[in-house]
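# Architecture and fold: a report
Chain by chain, the residues:
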Amino acid sequence: MGNGAKAAQKRERNAAKAGGAAKSQLKVNQAAMNIVCQTCRQTFLLTTRAPALEEHAQNKHGKTMADCFPNVNAPK
């Protein structure tokens, strides 16, 4: 038996151990999109920081962060 056959057998064993298909992160990411711009309804991830939200408000709408995102606490 050559090394190619050993490698193929090892791949088969590892595939059998792995079980199912790869897990997707898409549903979790979609659920974490809970910051919503009140002007255009664009969603942002929970971990989005204030400078990015301020930039969105200024560039897209010419408003302040408090106008577009009233539920988000801005750093003081």
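Here goes a summary of the coordinates provided. It should be emphasised that the depicted structure is a prediction, and the values quoted were computed from it without experimental measurement.

Reading the values: the criteria
- Residues numbered from 1 in each chain as written.
- Predicted model: local features only at pLDDT ≥ 70, side-chain atom pairs only at ≥ 80, totals over all residues.
- Heavy atoms only, no water.
- Helix = DSSP H or I, 4+ residues; strand = E, 2+ residues; numbered from the N terminus.
- Expected span 1.5 Å × (residues − 1).
- Buried < 20%, exposed > 50% of the residue type's maximum accessible area, 1.4 Å probe, protein only.
- Arc of directions from axis to C-beta.
- Contact = heavy atoms within 4.5 Å.
- Polar contact = N/O pair within 3.5 Å; in protein donor to acceptor, adjacent residues only side chain to side chain.
- Phe/Tyr/Trp six-rings, centres within 6.5 Å; stacked < 30°, edge-to-face > 60°.

## A short note on helix α3 (residues 50-61)
- In a regular helix each residue adds 1.5 Å, so 12 residues correspond to 16 Å; α3 covers 16 Å between its end C-alpha atoms and thus fits that length.
- Among all positions in α3, only Ala50, Leu53, His56 and Ala57 are buried. Within α3, the buried residues cover an arc of 120 degrees as seen down the axis, which keeps them to one side. In α3, those exposed residues whose orientation departs by more than 90 degrees from the buried face are Pro51 and Asn59.
- On its buried face, α3 is in contact with β1 (35-36), β2 (43-44) and α4 (65-68).
- Positive backbone phi, at 70 degrees, marks Gly62, one or two positions downstream of α3.

## Some remarks on the side chain of His56
- Counting through the fold element by element, His56 comes out in helix α3.
- One polar contact links His56 to His61, side chain to side chain, over a distance of 3.3 Å.

## A short note on the packing of aromatic side chains
- All chains considered together, the criterion is met by one aromatic pair.
- Taken together, a centroid distance of 5.5 Å and an interplanar angle of 80 degrees make the contact between Phe44 and Phe69 edge-to-face. With a gap of 25 residues between them, Phe44 in strand β2 and Phe69 in the segment after α4 connect regions that are remote in the sequence. Exposure class is identical for Phe44 and Phe69. Each is buried.

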